[in-house]
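Residue-level structure breakdown
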Amino acid sequence: MNGELVLRFDGSRPLSAAVVEELGALCDRAEDRREAGLVTVHVTGAPPADWTKGLAVGLVSKWERAVRRFERLGRLTAAVASGECAGPALDLVLAADVRIAEPGTRLRLASVGEATWPGMTVYRLTQQAGAAGIRRAVLLGAPIGTERALALNLIDEVSGDPAKTLAELDGVMDGAELAIRRQLIFEAGSTTFEEALGAHLAAADRALRREAKP
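So, a few notes on the structure that sits alongside this text. Note that this is a predicted model, so its numbers are computed, not measured.

This part covers the overall build of the chain. Across its full length, the chain carries nine helices and nine strands. Here the C-alpha atoms of the chain give a radius of gyration of 18 Å, agreeing with the 17 Å that 2.2 N^0.38 yields for 214 residues. Per-residue burial over the chain gives 40% buried out of 214 residues. Counting contacts in the chain only where the partners sit at least 6 residues apart, residues at least 24 apart contribute 72% of the total. As displayed, the chain offers around 11,400 Å² of accessible surface, 54% of which is attributable to carbon and sulfur atoms. When the 26 basic and 29 acidic side-chain charges of the chain are each reduced to a single mean position, those positions are 2 Å apart.

See below:
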């Protein structure tokens, strides 16, 4: 696996411009490389209780845009979570294509005052697991253990040896083709069959043309 496309993300740090730049630099490297390769983030940690002190909404917006960029990369992305994962660390897990959790991992929303942080984490949790499945996590800050996260499809597997799964994923699909399929997934929940048909037919035509090339 290409070490240049790996980020070890410490979620215990307060959100800062440096944190945003760190994720942006990973996306830059991924977009600059032409050959196939898995993009991997290893995440752990939860921000401290006073992590929002001095935080401005402009920086939050930059972070959300950086996560969205990671989420839409033209490569397969994977997140390996361990320990307590909250705040920005959880954002990266939810934005990855493949999610692996080490035993004992707990996912939870970061706190602000006496409530949970109302960022796009809430949106992704609801989109991916449904309102009923994540209600206690969002309203009460209840952590989501690995068994619950598996049942809600927030993670794909629990493994004490994530390197084995990562090795199997590396180079699994052409980046452009993967990006097309990911976009079809994103749009499926918000478009009608008739609206989606054209995009799916275009993707099918592209696949057929590629297969027919000598």
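This is not the end of the story, as more comes after the structure.
The next thing to look at is helix α5 (residues 131-140). If you check which residues of α5 are buried, you get Ile134, Ala137 and Val138. Taken around the axis of α5, the buried residues stretch over an arc of 95°, which confines them to a single face. Facing away from the buried side of α5, by more than 90 degrees, are the exposed residues Ala132, Arg136, Leu139 and Leu140. Contacts made by the buried residues of α5 are with β7 (115-116), α4 (120-129) and β8 (144-145).

This part covers the nonpolar core. One recurring pattern in soluble globular proteins: nonpolar side chains tend to sit buried together. One finds Phe9, Leu23, Val41, Val43, Trp63, Phe70 and Leu92 to be the most contacted residues of the largest nonpolar core, which totals 44 residues. Those residues in contact with Trp63 that lie beyond four places of it in its chain are Phe9, Leu15, Val19, Val20, Leu23, Pro88, Asp91 and Leu92. Among the nonpolar cores identified, the runner-up in size contains nine residues, and Val80, Val98, Leu169 and Leu178 belong to it.

Under the criterion given, the structure shown has nine salt bridges. A salt bridge links Arg106 to Glu84; the shortest N-O distance between them is 3.1 Å. Of the two residues, Arg106 sits in strand β5 (residues 106-108) while Glu84 sits in strand β3 (residues 77-86), which places them 22 residues apart along the sequence. Accessibility expressed as a relative area gives 36% for Arg106, which makes it partly exposed. Taken together, the salt bridges that share partners define one network made up of Asp28, Glu31 and Arg69.

Compared with an ideal rise of 1.5 Å per residue, which puts 14 residues at 20 Å, helix α8 (residues 175-188) spans 20 Å between its outermost C-alpha atoms and is within 8% of the ideal. Along α8, the positions that sit buried rather than exposed are Gly175, Glu177, Leu178, Arg182 and Leu184.

Definitions and cut-offs
- Residues numbered from 1 in each chain as written.
- Predicted model: local features only at pLDDT ≥ 70, side-chain atom pairs only at ≥ 80, totals over all residues.
- Heavy atoms only, no water.
- Helix = DSSP H or I, 4+ residues; strand = E, 2+ residues; numbered from the N terminus.
- Rg over C-alpha atoms; globule rule 2.2 N^0.38 Å.
- Buried < 20%, exposed > 50% of the residue type's maximum accessible area, 1.4 Å probe, protein only.
- Contact = heavy atoms within 4.5 Å.
- Areas by Shrake-Rupley, 256 points an atom, 1.4 Å probe, with all protein chains shown as cover.
- Lys, Arg positive; Asp, Glu negative; His and termini not counted.
- Charge placed at Lys NZ, Arg CZ, Asp CG, Glu CD.
- Arc of directions from axis to C-beta.
- Core = buried A, V, L, I, M, F, W, Y, C linked by side-chain atoms within 4.5 Å.
- Salt bridge = Lys/Arg side-chain N within 4 Å of Asp/Glu carboxyl O.
- Expected span 1.5 Å × (residues − 1).

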